[in-house]
Amino acid sequence: MNVHVDERLCKGCRLCIAVCPKQVLAMSNRVNQKGYTVAVALRPEDCIGCKLCEKTCPDFAIYVEIYHLGDSPLSGK
Ligand code: SF4
Ligand code: SF4
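Residues numbered from 1 in each chain as written. Chains lettered and ligands numbered in written order. Predicted model: local features only at pLDDT ≥ 70, side-chain atom pairs only at ≥ 80, totals over all residues.

Novice: Is there a simple way to think about the overall build of the protein chain in this case?
Specialist: Across its full length, the protein chain holds two helices and four strands. Going from N to C terminus, the protein chain has its helices and strands arranged as β-α-β-β-α-β. Relative to the 2.2 N^0.38 estimate, which gives 11 Å for 77 residues, the radius of gyration of the protein chain is 13 Å and therefore close to what a compact globule would have. Along the longest, intermediate and shortest principal axes, the C-alpha atoms of the protein chain span 40 × 25 × 20 Å. Sequence-distant contacts in the protein chain: of pairs separated by 6 or more residues, those separated by 24 or more amount to 58%. (Helix = DSSP H or I, 4+ residues; strand = E, 2+ residues; numbered from the N terminus. Rg over C-alpha atoms; globule rule 2.2 N^0.38 Å. Contact = placed C-beta atoms within 7 Å.)

Novice: Looking at this structure, I do not really get the site of ligand 1. What am I missing?
Specialist: Surrounding ligand 1, one finds 15 residues, the nearest of these being C20, V24, C47, C50 and C53. In the shell around ligand 1, the residues fall into twelve nonpolar, one polar and two charged. (Near = placed C-beta within 6 Å. Nonpolar A, V, L, I, M, F, W, Y, C, P; charged D, E, K, R; others polar.)

Coordinates in, geometry out; function isn't part of it.
The structure is reproduced here in structure tokens:
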């Protein structure tokens, strides 16, 4: 699983952190161009691909990439 946070879009609302059942996400110590402290995928290896974070983020700043057995990250799947 790859969990991407688009730091340019994140507003640091922490909703994704609250909704994640596996505590994958956390606040980073980085501040984006708009002055918001941004979320980060701290433990992407624990992600179960439920996409709750993606659906919850009001700013569409998260994208969860699910790999299945046999998929190659280069295959576009
Ligand atoms: S897809 Fe689910 S488990 Fe993975 S980071 Fe998002 S909320 Fe957490
Ligand atoms: S829900 Fe979206 S905007 Fe809010 S902290 Fe998470 S990534 Fe950032």
